[in-house]
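Listed below, chain by chain, are the residues.
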Amino acid sequence: MRATARLVARADRHGRTTLTELRGESPLLLRQVPAAGGGRTVYVVGGAAGPLAGDDLRLDIEVGPGAVVRVQTVAASVALPGRPRTVSRMLVRARVAADAVLHWLPEQLVAAAGCAHVTESQVDVAEGGVLHWRDELICGRHGEQPGHAEIHTWVDLAARPLLRQSLTVGPDAPGWSGPAVLGGARATGSLLIVDPARPAEPAAVRGTLTRLPLASGPATLWTGTAPDAHTLRGLLDGANGLSSIAVTAGAEEHRVVRVG
Amino acid sequence: MTAPTMLLLLADGRFPAGAHAHSSGLEAAVAAGRVTDLATLGDYLRGRLATAGLVAAAFAAAACRAAEPSHPRPSPSGEADQSRLRPPPNGDGDRARLTPSPGGDAGQVRRAALARLDAELDARTASLAQRSVSRRQGKALLRAGREIWPAASFDELPAAPGGPHQPLVLGLVGAAAGLDPAQVATVAAHATVTGSASAAVRLLGLDPYQVQALLVRLAAACDATAAQAARAAEEPPERLPAANAPLADIHAEAHATWEVRLFAS
Amino acid sequence: MRPEIEHDESVPHTHPEPGVDPHAPLPAAARALRVGIGGPVGSGKTALVAALCRSFADELRLGVVTNDIYTTEDADFLKRAGVLDPARIRAVETGCCPHTAIRDDIGANLDAVDELAEALGPLDLVLVESGGDNLTATFSRGLVDRQIFVVDVAGGDKVPRKGGPGVTAADLLVINKTDLAPLVGADLAVMDRDARARRGTLPTIFQSITEDPRASRVADWIRHELAHHRVASPVPVPAGQP
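What you see is a predicted model, and the numbers here were worked out from it, not measured in a lab. (Residues numbered from 1 in each chain as written. Chains lettered and ligands numbered in written order. Predicted model: local features only at pLDDT ≥ 70, side-chain atom pairs only at ≥ 80, totals over all residues. Heavy atoms only, no water.)

## Notes on the overall build of chain B
No. 1: Helix and strand counts for chain B stand at 10 helices and 0 strands.
No. 2: In chain B, the succession of α and β elements from N to C terminus is α-α-α-α-α-α-α-α-α-α.
No. 3: Looking at chain B as a whole, 54% of its 265 residues are labelled buried.
No. 4: Contacts in chain B between residues at least 24 apart in sequence constitute 81% of all its contacts with a sequence separation of at least 6.
No. 5: Summing over all exposed atoms, chain B offers an accessible surface of approximately 10,600 Å²; the carbon and sulfur share of this is 58%. (Helix = DSSP H or I, 4+ residues; strand = E, 2+ residues; numbered from the N terminus. Buried < 20%, exposed > 50% of the residue type's maximum accessible area, 1.4 Å probe, protein only. Contact = heavy atoms within 4.5 Å. Areas by Shrake-Rupley, 256 points an atom, 1.4 Å probe, with all protein chains shown as cover.)

Structure below.
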C-alpha cells in the first residue's frame, strides 16, 4: 500500500495557526483538533493495520513562520510482515521555519516478529525554530523477538547537520540486543528538543537515561533504554516535564493503549 | 593491495596513539555488569563493530579519500550500502554542500571536505563525552602522524578546540602512509574490536588465548564492516553511516562522571 | 629529545640560597624542564612530588602531571595537601598500563604537558609522576629530560642490588623513608654500597620526607639540572606545537 499525507501550517496575522493544507489517504489519515494558545494538534490516524512489509508511507510536514503544530498518533504502530522480500517504509519529512514550533510526539513503533521496516525522518529546522521530536521503538510484541527494523533520524539546524542517528534491530543487526547496544532492553527511545529559548543543560546520566547536549545546538537529546514501553515513556516524560510544554492542550492528553 | 607492512604498522596496538588507555565503553559496560565473560564480550564487540566501528571506518575512509584526490569521486548513483535503506538525501542538504569553486586550490577543497566530515561526525556523536574522547584520540594520533610523517600535511584538518575527530586524522595518517580508503577502513574496524578486547583482558582477567580466538572468529565480520564502510565512504558526507547504540552514549556519559577510572574511555 | 649535555659533577648539588631563584627569568620561548618521577607502588612518589611543590611553590612556575592508575587519586592527594594550585595538576588515565603511558606511548602525557602550558603560560618545571609500577619501569626520553627513581627502605635493602633500569639508569635514585630503616631492619650502608655499584657516578640521595618535608636535597638536584637545561636547551618550540 502506498500513501502520502501532507500538512502545511501557517500563522495568521493574529498569530493563530491555520492548517492551509491537511490531506492524507488510508492508512495515513490526518485529523485536527483545536489546541490551546492558538496552536494546532493533528492526529495521524492509522486507517489500516500495519505498516505491512511492502507499504510505502510518506508524510510531509511544513510549519511556517510563527505557526505552532503538535502531531500525535492515536495508537502505537505495529510493523508487521507482508509480502516476502519487501520492506515497509515510513518517511517523515518536516520543515520548521524560524519562530515556528513543531512537536512530533507519536506513540511507539513496535517491530513485530518477521517485520522488515524502515522509518526515516528528515527534519530541517531553521534558525530560531523549535522542535520536539520523539522516537520510541519496542523490539517485538510481548514475548516475541523483533523482525528487522531501522530507524533513521536526520536533523539539520540552520542548514547544518545537528543529529544523524540510525538504530537497527533484529536478526540482521549484529549485537543489537547485546551489551554494546541495548543490553537486553526491549524498549529504546529518544527525545530531541531544539529550542533557542531553553537554557543549555549539561550532560547527565541516570540509570539508562542520558541527557546529551548536541554539538551544534541549541539542542538536547535524551536517550534511554527500558524493559518495556511504559517504563520508557516514564523516563522520557519524567526527564523533560513534557506536560509543561506550551502546546499541550487538555483535550488531547488522553492516553492511548500502550504496548509492550 | 599495496603496502601490507604499512597496514600492519598502523593497525598495531603498539602504534603510539594512545589506544592502550581506551576501553571504548567496555570499562563502563563491565561496571554495569553487562560484560562479564567471553560470551558477553563477544556480543559487545559485535555490537560495537556494527555501530561505532562502521561509523569510524566510514569516516576514516572518507577522510582518506578527501586527502587523496586520486581516488575518484563516484557518480551519485553509485551503490554504497548494503543496508535496506538508502540514507536520506538530507532534505535540503544540497544547499549545505560545500562545492569547491572550479579551479580552486586543492588545499581549500580538502579543508572544506574535512570540515564537512567533522560536522557530520559531530552530528553522529550525540554524547559530549564521546565527542571529547574522539577528539582527544584524534589529537594523540595527530601528534604521532606529524612526528612520523613530517612531510605530510595535516594542516587542513579543522581546528576544533579539543582536537580533530580521530577517524579524520586516521584517514589522513593512512593517506600519508600510502594506504587506500579500504585499508584505512580496515584499520579502523580492526581497532574497534582489538581495543576493547585488550581492555577486557586487563579488566576481567580473561584468558588471552580465548580472547584472541574470539577475535579470530570476528575477523570476517571485521572485514565485512570495513568493506561496507569503504563503499559508504564513496557517498557524500551526509549519507555516511550513522549507526548508533543507546548504551554507547549511556556508558560514555556514566564513565565520564566516575571519580576513579582506569581507562580514559 | 634529550638535550645532549654532559653532567658536570664539579658543580655542587646545593644552592647557595635555597628559596631564592638566582637565575634570570627564562626566555618565554624556552620550554619547561620535564622531570619524571617513577618507582614502585608505595615508595613515596606522590609524597616526593608534594615535597617538591612545597620547595618550589614561590620559586618556579611549576606544573604536575600524574599517571596514577587511579586517575584522580594522586591529583587529589596533592590538592588536599594544599601544596599546589589544582589548576597546575593534570591527571592522565593509563588503562592499567602505567609503564606504557610513560615509555611506549607517551602522547597522553605530552598532551597533558602541553595543556598545562596552554592553560598557565610558560612553565619552568613540569614533574611527571608515573603510576606505581615495578623496578623495570622507566620514562621515555621523548617525554622527560631527567628522571628520578624512588625506592624506599621498607621495600628491603636488597632493592638497589636487584637493579633494573630504574635503579641503574635513572638520573637520580632516591632511597626514601630512611627514618623507617631501623624499624624494617634495612641497612642503609648496604643500600648505599649496592647503589654505587649499580650506578657508577650517577647520584643517589637518601631522604626522609618526615624529617625533611621539602625534600631539599632532591630540590637542589633539580635546581642544578634546571640550570643546565636553561643553558643547553633554549628549545624554541614547546612540545607538540605545530
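## What to know about the interface of chain B and chain A
No. 1: Contacts between chain B and chain A engage 46 residues on the former and 47 residues on the latter.
No. 2: Note on chain B versus chain A: buried area summed over both sides is about 3,600 Å², and carbon and sulfur give 61% of it.
No. 3: At the surface where chain B touches chain A, the tally comes to 1 salt bridge.
No. 4: A salt bridge links Glu-120 of chain B to Arg-164 of chain A, with the shortest nitrogen-to-oxygen separation between them at 2.8 Å.
No. 5: For the side of chain B that touches chain A, the elements supplying multiple residues, two or more each, are helix H3 (38–67), helix H4 (93–96), helix H5 (106–123) and helix H10 (246–257) of chain B.
No. 6: Counting residues per element, the side of chain B that touches chain A draws most heavily on H10 of chain B, at 9 residues.
No. 7: Of the residues in the side of chain B that touches chain A, the class split is 21 nonpolar, 10 polar and 15 charged. (Buried area = accessible area lost by both parts, 1.4 Å probe. Salt bridge = Lys/Arg side-chain N within 4 Å of Asp/Glu carboxyl O. Nonpolar A, V, L, I, M, F, W, Y, C, P; charged D, E, K, R; others polar.)

## Observations concerning H5 of chain B
No. 1: Between its terminal C-alpha atoms H5 of chain B stretches 26 Å, which fits the 26 Å expected from 18 residues at 1.5 Å a residue.
No. 2: Regarding H5 of chain B, the residues found buried are Gly-107, Leu-114, Arg-116, Leu-117, Asp-118, Ala-119, Glu-120, Leu-121, Asp-122 and Ala-123 of chain B. (Expected span 1.5 Å × (residues − 1).)

## Re the packing of helix H1 (residues 4–11) of chain B against helix H8 (residues 181–204) of chain B
Residues and elements named next belong to chain B.
No. 1: Two numbers describe how H1 lies on H8: the axes approach to 9 Å, and their chain directions differ by 30°. Relative to H8, H1 is oriented roughly parallel. Here H1 runs over H8; the crossing is right-handed. In contact with Leu-7, Leu-10 and Ala-11 of H1, H8 contributes Gln-183, Val-187 and His-190.
No. 2: Broken down by class, the residue content of the contact of H1 with H8 amounts to 4 nonpolar, 2 polar and no charged. (Axes fitted to C-alpha atoms, helices over the stretch in contact; angles between N-to-C directions. Parallel < 35°, antiparallel > 145°, perpendicular 65-115°, else oblique. Left-handed = near helix turned anticlockwise from the far one by under 90°.)

## Digging into the pairing of strand E8 (residues 88–96) of chain A
All names here are of chain A.
No. 1: In the sheet, strand E5 (residues 56–63) pairs with E8 via 8 bridges, with the strands oriented parallel. From the neighbouring strand, Glu-62 faces E8, where its bridge partner is Arg-95.
No. 2: Two elements, E8 and strand E11 (residues 116–125), share 9 bridges in a ladder whose sense is parallel. By the bridge assignment for E11, Leu-91 is matched with Glu-120. (Pairing = 2+ DSSP bridges.)

## Quick word on the confidence of the model for chain A
No. 1: Of all residues in chain A, 91% have pLDDT values of 70 or greater, and the mean over the chain is 89.
No. 2: In this model, residues 241–260 of chain A is a region of pLDDT below 50 whose contacts with residues beyond four sequence positions or in other chains number 41 contacts. (pLDDT = per-residue confidence, 0-100.)

## Remarks on the packing of H3 of chain B against helix H9 (residues 208–232) of chain B
All names here are of chain B.
No. 1: In contact at an axis separation of 9 Å, H3 and H9 are set at 30° when each is read in the N-to-C sense. Comparing their axes, H9 and H3 come out roughly parallel. Seen along the crossing, H3 lies across H9 with a hand that is right-handed. Between H3, through Leu-38, Leu-41, Gly-42, Leu-45, Arg-46, Leu-49, Gly-53, Leu-54, Ala-57, Ala-58 and Ala-61, and H9, the contact on the second element is made entirely by Gln-210, Val-211, Leu-214, Leu-215, Arg-217, Leu-218, Ala-221, Cys-222, Thr-225, Gln-228, Ala-229 and Ala-230.
No. 2: Here the residues of the contact of H3 with H9 are counted per class, giving 16 nonpolar, 5 polar and 2 charged.

## Focus on the sheet that holds strand E2 (residues 17–23) of chain A
Residue and element names in this part refer to chain A.
No. 1: Within the open sheet, the 7 strands sit side by side as E2-E1-E5-E8-E11-E13-E14. Their pairing is mixed. The outermost strands of the open sheet, each flanked by one partner alone, are E2 and strand E14 (160–169). Strand after strand, the sheet turns through a mean of 10° between neighbouring axes, direction not considered.
No. 2: Bridge count between strand E1 (residues 2–11) and E2: 6 bridges; the pairing is antiparallel. Bridging from a neighbouring strand, Arg-10 pairs with Thr-18 of E2.

## A word on the side chain of Thr-178 of chain C
Residues and elements named next belong to chain C.
No. 1: When you line up the elements, Thr-178 lands in the loop between strand E6 (172–176) and helix H7 (181–184).
No. 2: Judged by relative accessible area, Thr-178 falls into the buried class, the value being 15%.
No. 3: Every residue in contact with Thr-178, bar those within four places of it in the chain, is listed here: Val-153, Leu-188, Phe-206, Gln-207 and Ser-208.

## Description of the nonpolar core
No. 1: Leu-137 and Val-169 of chain A together with Leu-10, Leu-41, Leu-45, Leu-117 and Leu-157 of chain B are the most contacted members of the largest nonpolar core, which has 81 residues in total.
No. 2: Membership of the second largest hydrophobic core comes to 39 residues, among which are Val-42, Val-63, Val-71 and Leu-102 of chain A. (Core = buried A, V, L, I, M, F, W, Y, C linked by side-chain atoms within 4.5 Å.)

## Focus: the environment of Ile-106 of chain C
Residues and elements named next belong to chain C.
No. 1: If you trace the backbone, Ile-106 turns up in the loop between helix H3 (98–104) and helix H4 (107–120).
No. 2: Taking the C-alpha atoms as reference points, Ile-106 and Gly-142, 36 residues apart in sequence, are found 7.7 Å from one another.
No. 3: With residues near it in sequence (within four places) discarded, Ile-106 still touches Ala-101, Ser-140, Gly-142 and Leu-143.

## Quick look at the pattern of salt bridges
No. 1: Taken as a whole and assessed by the stated rule, the structure comprises 41 salt bridges over all chains.
No. 2: Arg-6 of chain A is the partner of Glu-62 of chain A in a salt bridge, and the nearest nitrogen-oxygen pair spans 3.3 Å. With Glu-62 of chain A in strand E5 and Arg-6 of chain A in strand E1, this pair connects stretches of sequence that are 56 residues apart.
No. 3: What makes Glu-62 of chain A partly exposed here is its relative accessible area of 21%.
No. 4: Taking the shortest distance from any N to any O, the salt bridge between Arg-239 of chain B and Glu-235 of chain B comes out at 3.1 Å.

## Structural notes on the confidence of the model for chain B
Residue and element names in this part refer to chain B.
No. 1: When pLDDT is averaged along chain B, the result is 88; 86% of the residues meet or exceed 70.
No. 2: Averaged over each element, pLDDT in chain B is lowest for H4 (39) and highest for H9 (98).
No. 3: Within the model, pLDDT remains below 50 along residues 71–103, and this stretch shows 67 contacts once partners closer than five positions in the same chain are excluded.
No. 4: Across the interface, the model reports ipTM at 0.90; the global pTM reads 0.86.

## What about the environment of Phe-77 of chain C?
All names here are of chain C.
No. 1: For Phe-77, the position within the fold is in helix H2 (residues 73–81).
No. 2: When the C-alpha positions of Phe-77 and Leu-183 are compared, they lie 26 Å apart, and in sequence the two are 106 residues distant.
No. 3: Setting aside its immediate chain neighbours within four residues, Phe-77 contacts Thr-46, Ala-47 and Ala-50.

## With respect to the packing of aromatic side chains
Two aromatic rings, taken as a pair, are described by how far apart their centres are and by the angle between their planes.
No. 1: For the structure on display, the rule yields 2 aromatic pairs over all chains.
No. 2: Aromatic side chains Trp-104 of chain A and Trp-133 of chain A sit 5.1 Å apart centroid to centroid with 20° between the ring planes, which places their arrangement in the stacked category. One end of the pair, Trp-104 of chain A, is in strand E9 (residues 101–104); the other, Trp-133 of chain A, is in strand E12 (residues 130–139), and 29 residues separate them in sequence. Just as Trp-104 of chain A is buried, Trp-133 of chain A falls in that class too.
No. 3: For the ring pair Phe-15 of chain B and Trp-149 of chain B, a centre distance of 6.5 Å and an interplane angle of 25° mean the geometry is stacked. Of the two residues, Phe-15 of chain B is situated in the loop between H1 and helix H2 (26–31) and Trp-149 of chain B in the loop between helix H6 (128–148) and helix H7 (166–176); the sequence distance between them amounts to 134 residues. (Phe/Tyr/Trp six-rings, centres within 6.5 Å; stacked < 30°, edge-to-face > 60°.)

## Brief notes about unusual backbone geometry
No. 1: The omega torsion of the bond from Ser-26 of chain A to Pro-27 of chain A falls at 5°, within 30 degrees of zero and hence cis.
No. 2: Structurally, Pro-27 of chain A can be placed in the loop between E2 and strand E3 (28–34).
No. 3: Going from Gly-217 of chain A to Pro-218 of chain A, the amide bond is cis rather than trans, its omega being 10°.
No. 4: The residue Pro-218 of chain A is located in the loop between strand E17 (209–213) and strand E18 (219–226) in this model.
No. 5: Look at Asp-99 of chain A: it is not a glycine, yet its phi comes out positive at around 65°.
No. 6: Mapped onto the elements, Asp-99 of chain A comes out in the loop between E8 and E9.
No. 7: Overall, the relative accessible area of 57% leaves Asp-99 of chain A in the exposed class.
No. 8: With a phi close to 65°, Cys-96 of chain C is a non-glycine residue in the positive phi region.
No. 9: Its location among the elements puts Cys-96 of chain C in the loop between strand E3 (89–91) and H3.
No. 10: The class of Cys-96 of chain C is partly exposed, set by a relative accessible area of 27%.

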